[in-house]
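In case you want the letters, here they are:
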Amino acid sequence: MPQFLSEEWLEQAKAIRAEYEGKGGNPPHEMKMNLVITDVPVEVSDVPIDAHMDTTEGDVKMDLGHTEEPHLTVTLEYATAKAILVEGNPQAGMQAFMAGKIKVQGDMTKLMAMQSAAPDPVAVEIASRIQQITD
């Protein structure tokens, strides 16, 4: 199984998301978020990873690189990003934030609104499939 955020993982995760494009409910809030992921294992990358998440077109889109004019930028460690984005563990995110391990620049209310929304059943299925491919 590929490691979270490796090229192989990104390709497989994109393919899974593409299978479900337009099939779920709209994300509860529109948000453009840039991510800076630090402390990445050297097998994945020897530098921090820049990524983004965009829900403004009706589906959750995630990819490498930063998007223009984000609502917020979140800097966090690889293990925390994996716990939140792959394992679906919001408590890990809250604990890391309270410990000062997550830095947020911009409109934090967008992030809080996203976390408080009930997940769409299709989003839950996508998350489960992505968990199954992740080492």
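Structure first, text after, so check above.
Since we're looking at a predicted model, the values are computed, not measured.

Undergrad: Whenever I open this one, the pattern of salt bridges confuses me. Can you help?
TA: Once their charged atoms are close, side chains differing in charge can pair, the charge on each being opposite to the other. Under the defined criterion, the tally for this structure stands at three salt bridges. One salt bridge in this structure joins Arg 129 and Glu 19, with 2.8 Å as the shortest N-O distance. Note that Arg 129 is positioned in helix H5 (residues 121-133) and Glu 19 in helix H1 (residues 7-19), a separation of 110 residues in sequence. For Arg 129, a relative accessible area of 26% corresponds to the partly exposed category.

Undergrad: Which parts of the structure should I look at to understand the packing of H1 against H5?
TA: Between H1 and H5, the shortest axis-to-axis distance is 10 Å and the interhelical angle comes to 155°. Here H1 is positioned roughly antiparallel relative to H5, judged by the angle of their axes. Judged by the twist between their axes, the crossing of H1 over H5 is right-handed. On H5, the residues touching Trp 9, Gln 12, Ala 13, Ile 16, Arg 17 and Glu 19 of H1 are Ile 126, Arg 129, Ile 130 and Ile 133. Residue classes in the contact of H1 with H5 are distributed as six nonpolar, one polar and three charged.

Undergrad: Even after reading the chapter, I still don't get the nonpolar core, so can you show me in this structure?
TA: Soluble globular proteins tend to pack their nonpolar side chains together in the buried interior. Membership of the largest hydrophobic core comes to 30 residues, with the highest contact counts inside it found for Leu 5, Trp 9, Met 33, Ile 37 and Val 74. Where this core is concerned, the elements lending two or more residues are H1, strand E1 (32-38), strand E2 (49-54), strand E4 (72-77), helix H2 (78-85), helix H4 (108-116) and H5. If we skip the residues at most four places from it in the chain, Ile 37 touches Leu 5, Pro 48, Ile 49, Leu 76, Glu 77, Tyr 78 and Ala 81.

Undergrad: Explain H5 here, please?
TA: Spacing of three or four residues puts side chains on the same side of an α-helix, whose turn is 3.6 residues. Taking 1.5 Å of rise per residue, the 13 residues of H5 would be expected to cover 18 Å, and the 19 Å separating its terminal C-alpha atoms lies within 8% of that figure. Among the structural elements, H1 are those in contact with the buried residues of H5.

Undergrad: Help me understand the environment of Val 74, please; the structure alone is not making it clear to me.
TA: Among the secondary structure elements, Val 74 is positioned in strand E4. Put simply, Val 74 and Gln 105 are 31 residues apart on the chain and 6.5 Å apart in space, counted from C-alpha to C-alpha. Here Val 74 is in contact with Met 33, Asn 34, Leu 35, Val 36, Ile 102, Lys 103, Val 104 and Leu 111, once residues within four sequence places are set aside.

Undergrad: I keep staring at the side chain of Lys 82 and nothing clicks. Help me out?
TA: Structurally, Lys 82 can be placed in helix H2. Buried charged residue Lys 82 carries no salt bridge. Nearest counter-charge: Glu 87, at 4.7 Å. With near-sequence residues (within four places) excluded, Lys 82 lies in contact with Phe 4, Glu 87, Thr 134 and Asp 135.

Conventions we followed
Residues numbered from 1 in each chain as written. Predicted model: local features only at pLDDT ≥ 70, side-chain atom pairs only at ≥ 80, totals over all residues. Heavy atoms only, no water. Salt bridge = Lys/Arg side-chain N within 4 Å of Asp/Glu carboxyl O. Helix = DSSP H or I, 4+ residues; strand = E, 2+ residues; numbered from the N terminus. Buried < 20%, exposed > 50% of the residue type's maximum accessible area, 1.4 Å probe, protein only. Axes fitted to C-alpha atoms, helices over the stretch in contact; angles between N-to-C directions. Parallel < 35°, antiparallel > 145°, perpendicular 65-115°, else oblique. Left-handed = near helix turned anticlockwise from the far one by under 90°. Contact = heavy atoms within 4.5 Å. Nonpolar A, V, L, I, M, F, W, Y, C, P; charged D, E, K, R; others polar. Core = buried A, V, L, I, M, F, W, Y, C linked by side-chain atoms within 4.5 Å. Expected span 1.5 Å × (residues − 1). Lys, Arg positive; Asp, Glu negative; His and termini not counted.

Remember, this is a structural readout, not a statement about activity or role.
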